[in-house]
Amino acid sequence: MMPSKPLRRDLIDSFLLSMATWDIFSPPENLEEYTLNLQKDLELIALLEETRYLNNRPPVPKLGNIDLAWEFAQDPAHHQRFVDMLRVSPLVFLTVLDLIEDHHVFKNDTNLGQTPVEQQLAVTLYQMGRYGNGASVEDIARAAGYSEGSVEKFTDCCFEAILSFHGLFVRKLTDDEKEVEKNWMDDCLGFRGTWREGWVMYDGTIVVLYRKLGQNGDAYYTRKANYGLNLQVHFFITEKSLSNLSCRLATYLRTSALSIIHME
Amino acid sequence: MTGSAHDSNAFEHTTAAKHADWFFQGEEFAWADSAYAVNSTTIPVHKKPASLEPKNALFDKVVASLRVRSEHCMGALKGRFQCLRGLRVHINSNKDHYEACRWISVAIVLHNVVIDVEGSKSAEYFGNVHGTEEEEEDTGNYQEDGVGGDDDDAKRRKLVEELWAFENGL
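Cut-offs applied
Residues numbered from 1 in each chain as written. Chains lettered and ligands numbered in written order. Predicted model: local features only at pLDDT ≥ 70, side-chain atom pairs only at ≥ 80, totals over all residues. pLDDT = per-residue confidence, 0-100. Helix = DSSP H or I, 4+ residues; strand = E, 2+ residues; numbered from the N terminus. Contact = placed C-beta atoms within 7 Å. Pairing = 2+ DSSP bridges. Expected span 1.5 Å × (residues − 1). Buried ≥ 20, exposed ≤ 12 C-beta atoms within 10 Å, placed from the backbone. Arc of directions from axis to C-beta.

Asks: Honestly, the confidence of the model for chain A in this entry has me stumped. Any pointers?
Replies: The predicted structure's coordinates, where accompanied by low pLDDT, should not be read in detail. Residues and elements named next belong to chain A. Confidence along chain A averages 77 in pLDDT terms, with 78% of residues attaining 70 or more. For chain A, strand E5 (residues 258-261) is the element with the lowest average pLDDT, namely 27, and helix H6 (residues 117-128) is the one with the highest, namely 94. Every residue in residues 237-264 is under pLDDT 50, and counting partners more than four places away or in other chains gives 91 contacts.

Below is the structure:
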């Protein structure tokens, strides 16, 4: 598929064509007129090159409802609504906010303040809870009352900040924690044997991609006739950490045969 | 790993598989489903026809009852962060592949934060949104004969015997 031509290129090309046509049908009568025309044309091309925005840029009306979340958080009766909206409870939200707030991605040297981190986090979580066309940047931007570009930036910043705590939350169990898992196994079975040494479970799942990829499409094609990533997860099993998912996420790049392993 | 990869192939690239010595100590091992190859650190349930034997069938049943939890967990993760049900990332370059993995990593970190802050009860809150049926659709496993030829069955046989002995009061 040919990439579509940028608007600027398109305009300049058509201008050059019209200039050439013009010269064929009414060629300049003398050298002076010729130079004058050339100068005018060059000025126009320069103008086209330098104009930053070629289209009208009308302000986009925005009316987000992301601030509703703060209202919901006020009253425990509405916490359910908060969770539906942002996928985590107000308590977890505040914990995450507390963790990432001081991360350097949210700092800049200019006097222009950044959007408050809680807004950025709320938009990110809102987006993470959605799929299909409801998860498109356009839909998220409309619901949140920010521009599409901002939504992408918010997500990017929050991801970077959250992932800086990857090692803290996704890690190997300590010996004591392992012992808890092993004791749980003993209780579950009613006897103590080699079984208790199995403190972890492996499982795989496919994270589906919403459409076919531009690169190496076939490598992502799953037997369920969709495209996805294979996620390998290691679980711990006890009541306490039931479904406490410590994941060694194995990602695999087909082209370089390089495997990236997220570990502590 | 990309979606076309079989679970056991994808697994070979994980830390636990590559650095088993670092991950497991002594007799420690992990439970898995029948898609994985059996060895001293990976104990899957039996494939047919071995699974028809009464001793093995008992073993498989008990392991399966333990493993239900991991499916619940997948459900909870995909129910909470539903972006994982159709990741909106255009993969046109290796960089985009990392970007897609970033979405998954963030979801997992946040899932673990929920557990640390509120315990497993609330972690399971979204479990029924993405239930067993949906997960069945997504699971990367399928039965394939002849995966992993160099099976080392000794540890699993030991476990089978232990359970059998216990259940029969020996």
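Picking up after the structure, the text goes on.
Asks: Whenever I open this one, the pairing of strand E1 (residues 29-32) of chain B confuses me. Can you help?
Replies: The side chains of a regular strand alternate, residue by residue, between the two faces of the sheet. Note: strand E1 (residues 198-209) of chain A against E1 of chain B, three bridges, orientation parallel. From the neighbouring strand, Gly198 of chain A faces E1 of chain B, where its bridge partner is Phe29 of chain B. Here E1 of chain B runs beside strand E2 (residues 42-44) of chain B; their pairing, made up of three bridges, is parallel. Opposite Ala30 of chain B, over in E2 of chain B, you have Thr42 of chain B as the bridge partner.

Asks: For this particular structure, what's the right way to read helix H8 (residues 154-167) of chain B?
Replies: Residues spaced three or four apart along an α-helix point in a common direction, a consequence of the helix completing one turn every 3.6 residues. Residue and element names in this part refer to chain B. Compared with an ideal rise of 1.5 Å per residue, which puts 14 residues at 20 Å, H8 spans 20 Å between its outermost C-alpha atoms and is within 8% of the ideal. Inspection of H8 places Arg156, Leu159, Val160 and Leu163 among the buried residues, and these make up the whole buried set. Around the axis of H8, the buried residues are gathered within 100 degrees of arc, so they sit on the same side. Exposed and facing more than 90 degrees away from the buried side of H8 are Ala154 and Ala165. A positive phi of about 60 degrees marks Gly169, the residue just after H8.

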